[in-house]
Amino acid sequence: MYDYDVIVVGAGPGGAFAAKEAALQGAKVLLVDRRKEIGAPVRCGEGLGAGIEKELNFKVPKEAIDAYINAAELYGPNGKKLELRTKDSKGYVIDRKKFDKFLVEEAARAGAEVLVKTRIDDLKKEGSKFVGVIGNSMGEKFEANAKVIIAADGGESLIARKAGINSLATLYESDFGVEYEMVGLDVKDAIEIYFSNVFAPRGYAWIFPKGKDSANVGVGVDGLHGNAIIFLKKFIEAYKERFKNAKIVAIKGGIIPVTMYIDELVKQNLMVIGEAAHQVDPIHGGGMALAMEAGSIAGKVAGTYVTQNKDLSYLQNYKKEWDKKERKTFEKRLKLRQVLEKMNDEDLNAIFNALNDEDLQKVIDGRYDIVVRKLTRILISRPSLVKVISVLLK
Amino acid sequence: MVVEVDRDKCIYCGACVGVCPKMAIVLEENVIKIDATKCVDCLICTKACPMNAIKKKEK
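Residues numbered from 1 in each chain as written. Chains lettered and ligands numbered in written order. Predicted model: local features only at pLDDT ≥ 70, side-chain atom pairs only at ≥ 80, totals over all residues. Heavy atoms only, no water.

Chemist: Help me understand the sheet that holds strand 15 (residues 214-221) of chain A, please; the structure alone is not making it clear to me.
Modeler: Strand pairing in a sheet relies on backbone hydrogen bonds, with the paired strands running either antiparallel or parallel. Residue and element names in this part refer to chain A. The mixed open sheet is built from seven strands, whose spatial order is 6-5-13-14-15-12-16. Because the sheet does not close on itself, it has two edges, and the strands there are strand 6 (81-84) and strand 16 (247-257). Neighbour to neighbour, the strand axes of the sheet diverge by 20° on average, direction disregarded. Pairing geometry for strand 5 (residues 71-75) and strand 13 (residues 190-194), over five bridges, is parallel. (Pairing = 2+ DSSP bridges. Helix = DSSP H or I, 4+ residues; strand = E, 2+ residues; numbered from the N terminus. Axes fitted to C-alpha atoms, helices over the stretch in contact; angles between N-to-C directions.)

What follows is the structure in structure tokens.
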């Protein structure tokens with residue numbers, strides 16, 4: 001009665017990892033994607049920290065790497081720079097089309113079946129269990145049954161919502177991003193992050209190098225201050241000298257949940273991973289590494305569940321393992337986000353001026369107490385900031 | 001339904017799908033479809049759209 005052991009909906013990096021890991025356990029896996037071409041259209045800044053390779057025991061293929069990154073540069077509204085140049089700041093700006101396709105090929109090599117241009121519209125239910133998916137594959141009605149369904153359908157998160165899980169993105173707890181891929185500008189061996197309430201309220205603007213003289217130039221802002229494209233234009237205007245010869249060769253955009261990941265990561269025999277589960281870093285908005293990590297855990301758990309005939313409750317191990325690994329970090333990063341988004345540009349300038357590169361490393365490491373102590377003098381002259389910053393010490 | 005998608009501006013990123021509280025928006029290959037029977041005119045999608053491609057219809 002089952003067509004597959006595991007169906008993974010969405011072939012981004014998270015879905016591809018889930019499909020690969022489940023297949024490696026010996027499960028019969030189907031990976032479907034709505035799009036005709038994996039990885040396109042790109043809707044991402046394309047930055048990826050190198051640490052994930054070791055963590056998940058894989059290598060980003062050379063042909064998918066557009067630029068090698070050694071550092072992260074953060075700019076305050078007044079232009080003061082703080083730089084992170086450590087082993088933690090090493091990474092890549094990748095070509096998502098090539099990278100995503102590589103990961104899907106890996107899943108296929110591990111034994112997963114792949115279907116592109118296959119849209120899943122709904123879940124098939126029997127009682128409280130989800131027994132399969134219904135949709136459309138290359139123009140034909142599509143229906144398939146499975147023991148486990150993994151929802152990896154990105155920021156739209158329709159599969160989880162069809163299952164009755166609250167994964168709706170709100171205007172307040174999401175960033176909406178738009179970026180131009182530009183050619184004809186100076187770039188460094190660093191990703192550049194710009195804070196400003198003028199061109200990136202409750203978010204930031206970025207320049208991620210894509211090549212010798214090209215970069216993804218974008219902004220992510222909340223949904224309450226205006227459409228992202230307005231702010232991207234403001235950012236480019238604010239740094240017009242830098243962009244004076246730059247030409248736009250592509251436009252990319254998307255939604256970035258910046259909140260706690262959803263509570264219901266597993267419901268019955270359905271698992272939710274990646275952006276669909278809001279597994280996105282609430283500070284930098286990066287989702288690829290976390291999605292791959294979640295996919296890897298969920299895929300292994302699902303594969304083991306079906307091949308070793310475990311009880312349904314075994315699937316909860318995905319949530320348990322994820323919580324153990326990531327909950328504390330998320331809570332810490334969310335506190336920092338709460339603080340950052342309450343600051344006006346004068347506050348940000350004062351803080352950027354008071355901190356140095358070593359302090360930035362401490363912030364990244366979550367050692368907030370040491371950094372806050374260093375800000376005592378600023379806080380004395382800015383009583384309104386005390387309450388905001390005190391969140392970090394709770 | 002009071003909203004409409006400007007297909008000349010849309011980049012098919014799906015942000016509107018993620019914020020629609022009624023699951024009234026579907027992203028197909030290069031088409032955004034809004035189901036008028038589900039839409040409740042909340043206008044959230046008009047605010048979320050990074051490209052400012054969803055607008056309230058002019059009367």
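Right, picking up where we left off after that structure.
Chemist: What is the right way to read the interface of chain B and chain A from this model?
Modeler: Many analyses report the size of an interface as the accessible area lost when the parts associate. Listed per partner, the contact involves 24 residues of chain B and 27 residues of chain A. Both faces combined, the contact of chain B with chain A buries some 2,100 Å², and carbon together with sulfur accounts for 62% of it. On the chain B side of the interface with chain A, the three residues burying the most area are Met23(B), Glu29(B) and Pro50(B), jointly 28% of the side's total. At the boundary of chain B and chain A, one finds one salt bridge. Here Glu28(B) and Arg119(A) are joined by a salt bridge, their closest N and O atoms 3.4 Å apart. Where chain B touches chain A, the interface holds eight residue pairs in polar contact (both at pLDDT 80 or more). (Contact = heavy atoms within 4.5 Å. Buried area = accessible area lost by both parts, 1.4 Å probe. Salt bridge = Lys/Arg side-chain N within 4 Å of Asp/Glu carboxyl O. Polar contact = N/O pair within 3.5 Å; in protein donor to acceptor, adjacent residues only side chain to side chain.)

Chemist: Help me understand helix 6 (residues 288-307) of chain A, please; the structure alone is not making it clear to me.
Modeler: Each α-helix winds once per 3.6 residues, and so residues spaced three or four apart point in a common direction. The first and last C-alpha atoms of helix 6 of chain A sit 28 Å apart over 20 residues, in line with the 28 Å expected at 1.5 Å per residue. Of the residues one or two after helix 6 of chain A, Asn309(A) is the one with positive phi, at around 50°. (Expected span 1.5 Å × (residues − 1).)

Chemist: Just to check I follow, could you spell out the packing of helix 1 (residues 13-24) of chain A against helix 6 of chain A for this structure?
Modeler: Each pair of packed helices can be described by the angle between their axes along with the distance between the axes. All names here are of chain A. Helix 6 packs onto helix 1 with a crossing angle of 25° between their chain directions and a minimal axis gap of 7 Å. When the axis of helix 1 is compared with that of helix 6, the two are roughly parallel. You can see that helix 1 and helix 6 cross each other, and the crossing is right-handed. Across from Pro13, Gly14, Phe17, Ala18, Glu21 and Ala22 in helix 1, the residues of helix 6 making contact are Met288, Ala291, Met292, Gly295, Ser296, Gly299, Lys300 and Gly303. (Parallel < 35°, antiparallel > 145°, perpendicular 65-115°, else oblique. Left-handed = near helix turned anticlockwise from the far one by under 90°.)

Chemist: What exactly am I supposed to notice about the pattern of salt bridges here?
Modeler: Side chains that differ in sign of charge can pair as their charged atoms come close. Residue and element names in this part refer to chain A. This model, assessed by the stated rule, comprises 43 salt bridges over all chains. Residue Lys210 pairs with Glu46 through a salt bridge whose shortest N-O separation is 2.7 Å. Here Lys210, found in strand 14 (residues 204-211), pairs with Glu46, found in the loop between strand 2 (29-32) and strand 3 (47-49); they are 164 residues apart in sequence, far enough to count as distant. Considered together, Lys210 and Glu46 belong to a single accessibility category, that of buried residues. Its salt-bridge partner being Lys188, residue Glu73 comes within 3.0 Å of it at the nearest N-O pair. Separated by 115 residues along the polypeptide, Glu73 in strand 5 and Lys188 in the loop between strand 12 (174-183) and strand 13 bring together distant segments of the chain. Residue class for Glu73 comes out buried when judged on its relative accessible area of 3%. (Buried < 20%, exposed > 50% of the residue type's maximum accessible area, 1.4 Å probe, protein only.)

Chemist: Is there a simple way to think about unusual backbone geometry in this case?
Modeler: Negative phi is the rule for most residues except glycine; trans is the rule for most peptide bonds. Residue and element names in this part refer to chain A. Between Ala40 and Pro41 the backbone carries a cis peptide bond, its omega angle lying at -5°. As for its position among the elements, Pro41 is in the loop between strand 2 and strand 3. Phi is positive for Asn309, which is not a glycine, with a value near 50°. Along the chain, Asn309 falls in the loop between helix 6 and helix 7 (317-341).

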